[in-house]
Amino acid sequence: MLLRDNHQGYISWREYEENHKLLAENAHMKKNCDRKSARGGRALLTGLMRCGRCGRMMRVFYGSAKGNAHRYQCRGDDAHVGVGLCIGIGGVRVDRAVAMQILEAVSDRAVEAAIFASDQVERSQRDVIAAIERDLESARYEALLASRRYELVDPAKRHVARELEARWNDALERVGVLERKIKDLSALSAARPIIDRGRLLQLAQDLPTVWNTPSTETRTKQRLIHILVQEIICDLDDATNEAVLLIHWIGGRHTEVRVARVKTGRYPAELAPSAVEALRKLGGHWPDRELAVSLNRMLCKTGNGESWTTVRVRDMRERLGIPEYDATKVDVPMISLMKAAEKLGICVGSAKSLVQRGILPATQILPGSPWMVPVEALSSEAVRIGVQGVIDRRPKFYEDYQYDKVVRLPGI
């Protein structure tokens, strides 16, 4: 049997429960549906984003090409092979939208409103205590009358004396209940912390400046968000192409925020080929993993309506009699656009612009499939000049923030 506060402990029971909660949040790999603690990194909402479709906590993935890019992704039930991902959203816009809500929640106007609400609650509590004190005065008077009636009754009239004694006990019990209620309310009012209005307003005015200062660490912002926000439910509205964020504040309030999603790079549904047609055209040109990525990008589904995996692509390719990709049998060595960008020391977007301008030769068998870039074209003079132009047009702060890992080719 557990007896709380039976002996004086090193810490209070509340601190004990808070420590256990903190330990549970630090165990990132144990419970997949619990809120997690912030562990640094560029993402502000680490451990707070929950999937609005399956209820699992969303993970943070950082891009390798761009240093400031990160993404919140729900892996779904990834313990089962082939289930597929759930939902995902780019983190830069989401972090910016939530940060604006945080700064608005602790702005000077919000602090003034909170102080006013606290004063209203305190006044209401004082009014309640005053009303109970009036009831207590009346109850004490009734108890005094009941005691006098009992003292004046004839002892021979036992039934009358028993009734008057019961009324006296009821009156005394009501007095005790009211006294305990006043004591509890007074203790609760005394335990409320004293609010320093001037200091809170000064902190509210200084917070936006401190938040936007480059020297402020992301870990500090994460701790502040964890103090204010319990969790954030994320869902996608396909009709408006927006991410719907439902912020659950610590105090029990909720705020809905809509963040516009990027529209570029979406494959048109009306142009999506059948999976068999795509495999017949792409088979032998790319490994099975690349084929699975391409089929999912082109919105192709299996016969059961599921996403493609490497195993499913291999089974379908073998049933169709399509040979496996063999790099040694290719007449002209080809690489993907991403690999070409890495070798050229530029980002994928810059490499694609070179393709669109006709500087970097590349072919695409189907819209949505990987670009095929000849390896020998990377060493051509036109490509060298184009890459040099891309590097020269970069802003001065580009390398300071390490948006791309620059690897210069010989002679550039």
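Residues numbered from 1 in each chain as written. Predicted model: local features only at pLDDT ≥ 70, side-chain atom pairs only at ≥ 80, totals over all residues. Heavy atoms only, no water.

K.L.:
I'd love a proper account of the confidence of the model for the protein, names of residues and values included.
P.N.:
Of the residues in the protein, 85% reach a pLDDT of 70 or more, and the chain-wide mean stands at 79. Of all helices and strands in the protein, the one with the weakest mean pLDDT is helix α1 (residues 13–26) (77), whereas strand β6 (residues 242–249) scores best (92). Note on residues 396–412: pLDDT is under 50 here. Beyond four places in sequence and across chains, it has 31 contacts. (pLDDT = per-residue confidence, 0-100. Helix = DSSP H or I, 4+ residues; strand = E, 2+ residues; numbered from the N terminus. Contact = heavy atoms within 4.5 Å.)

K.L.:
Run through the sheet that holds strand β1 (residues 49–51), naming residues and quoting values.
P.N.:
Taking strand neighbours across the sheet as the criterion, the four strands line up as β1-β5-β6-β7 in an open arrangement whose pairing is mixed. The sheet is open, and its two edges are formed by β1 and β7 (254–260), each paired on a single side. In this sheet, neighbouring strand axes are inclined to one another by 30° on average, regardless of whether the strands run parallel or antiparallel. As paired strands, strand β5 (residues 229–237) and β6 are joined by eight bridges and run antiparallel to one another. Bridging from a neighbouring strand, Asp237 pairs with Glu242 of β6. Sitting on the sheet, helix α2 (residues 91–105) is in contact with β1, β5, β6 and β7, with an inclination near 145° to β7. Packing of helix α6 (residues 218–228) onto the sheet brings it into contact with β5 and β6, and relative to β5 it is tilted by some 90°. (Pairing = 2+ DSSP bridges. Axes fitted to C-alpha atoms, helices over the stretch in contact; angles between N-to-C directions.)

K.L.:
Any chance you could break down the packing of aromatic side chains for me, citing the residues and the numbers?
P.N.:
Summed over the entire model, instances satisfying the criterion amount to two aromatic pairs. Between Trp13 and Tyr16 the ring centres are 5.2 Å apart and the planes differ by 40°, which places this aromatic pair in the tilted class. In this pair, Trp13 and Tyr16 are both assigned in helix α1, three residues apart and thus about one turn of the helix distant. Arranged with centres 5.7 Å apart and planes meeting at 40°, the rings of Tyr150 and Trp168 form a pair that is tilted. In this pair, Tyr150 is assigned in helix α3 (residues 108–152) and Trp168 in helix α4 (residues 158–191), connecting sequence segments 18 residues apart. For Trp168, a relative accessible area of 23% puts it in the partly exposed group. (Phe/Tyr/Trp six-rings, centres within 6.5 Å; stacked < 30°, edge-to-face > 60°. Buried < 20%, exposed > 50% of the residue type's maximum accessible area, 1.4 Å probe, protein only.)

K.L.:
Tell me about the sheet that holds strand β2 (residues 59–62), residues and numbers included.
P.N.:
Strands pair in a sheet through their backbones, by hydrogen bonds, and they do so in one of two ways: parallel or antiparallel. Across the sheet, three strands lie side by side as β2-β3-β4; this open sheet has antiparallel pairing. In this open sheet, the two strands that pair with only one neighbour each are β2 and β4 (88–90). Averaged over all adjacent pairs, the angle separating strand axes in this sheet is 25°, with direction ignored. As paired elements, strand β3 (residues 70–73) and β4 share three bridges and run antiparallel to each other.

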